[in-house]
Amino acid sequence: MVFVDEAGFYLLLGAVRTYAPGGQTPILKTPCRYEHLSVISAVTPDGRLFTWTQTKAFDGASIVRFLRHLLNHIDGKLLLIWDGLPAHRSRTVKAFLTAGAAKRLHLERLPAYAPDLNPDEGVWNYLKHVELANVCCQTLNDLRLQLRRSIVRLRRKPHIIQSFFLAADVHF
């Protein structure tokens, strides 16, 4: 069983509170551009995290690439639970399932407007507000590198990923 979700990471700063010496307000410089990375991830109840990153928004073809990625890395049948993103219901995804993926892959949709039911939302919250808090990247390559390092650190903490399931009140 995996829960899937997508998120965007922008060059715009995600500033959070921090400590600094009295009278020395920290100044963070970042470009004011809306370039971004689109990231899709899947989390498992045992604390595994799978990701795919690209510079454009996800469409049906990129969703299928990620589904293939999951099928290559997870053995057996797979129950995939995700939100109602239109790309999830695209013709490309339906054709992929019809072409044989449905033998191993079963897709279920979360109720509309229920991000609190998806443990994968915890991944984005953790990465944006803990791992990448106050990180200033000047280019997409810098952002990609910082994001990759953050994901590697999170993968080494399966107990944190499992806590996202508790926060979403998902029990097995």
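One structure accompanies this document, and this report is about it.

Each value, and the rule that gives it
- Residues numbered from 1 in each chain as written.
- Predicted model: local features only at pLDDT ≥ 70, side-chain atom pairs only at ≥ 80, totals over all residues.
- Heavy atoms only, no water.
- Core = buried A, V, L, I, M, F, W, Y, C linked by side-chain atoms within 4.5 Å.
- Buried < 20%, exposed > 50% of the residue type's maximum accessible area, 1.4 Å probe, protein only.
- Helix = DSSP H or I, 4+ residues; strand = E, 2+ residues; numbered from the N terminus.
- Salt bridge = Lys/Arg side-chain N within 4 Å of Asp/Glu carboxyl O.

### Observations concerning the nonpolar core
Part 1: Grouped together as the largest cluster of nonpolar side chains are 27 residues, with contacts concentrated most on F9, V123, L127, L147 and L154.
Part 2: Elements represented by at least two residues in this core include exactly β1 (2-10), β2 (36-43), α3 (120-131), α4 (140-155) and α5 (158-167).
Part 3: Tallying contributions element by element places α4 first for this core, with five residues.
Part 4: Ranked by size, the runner-up nonpolar core spans 22 residues in total, among them V4, L71, A87 and L105.

### Concerning unusual backbone geometry
Part 1: Located in the positive-phi region is Y113, a residue other than glycine, with phi close to 55 degrees.
Part 2: The residue Y113 is located in the loop between β5 (105-109) and α3 in this model.
Part 3: Since its relative accessible area comes to 82%, Y113 is described here as exposed.

### As for the pattern of salt bridges
Part 1: The final tally for this structure, using the stated rule, is four salt bridges.
Part 2: Its salt-bridge partner being E131, residue K157 comes within 3.7 Å of it at the nearest N-O pair. Here E131 lies in helix α3 and K157 lies in the loop between α4 and α5, a separation of 26 residues in the sequence.
Part 3: Owing to a relative accessible area of 26%, K157 belongs among the partly exposed residues under this scheme.
Part 4: Members of the salt-bridge network, linked through shared partners, are E131, R153 and K157.

Keep in mind these values describe shape, not function.
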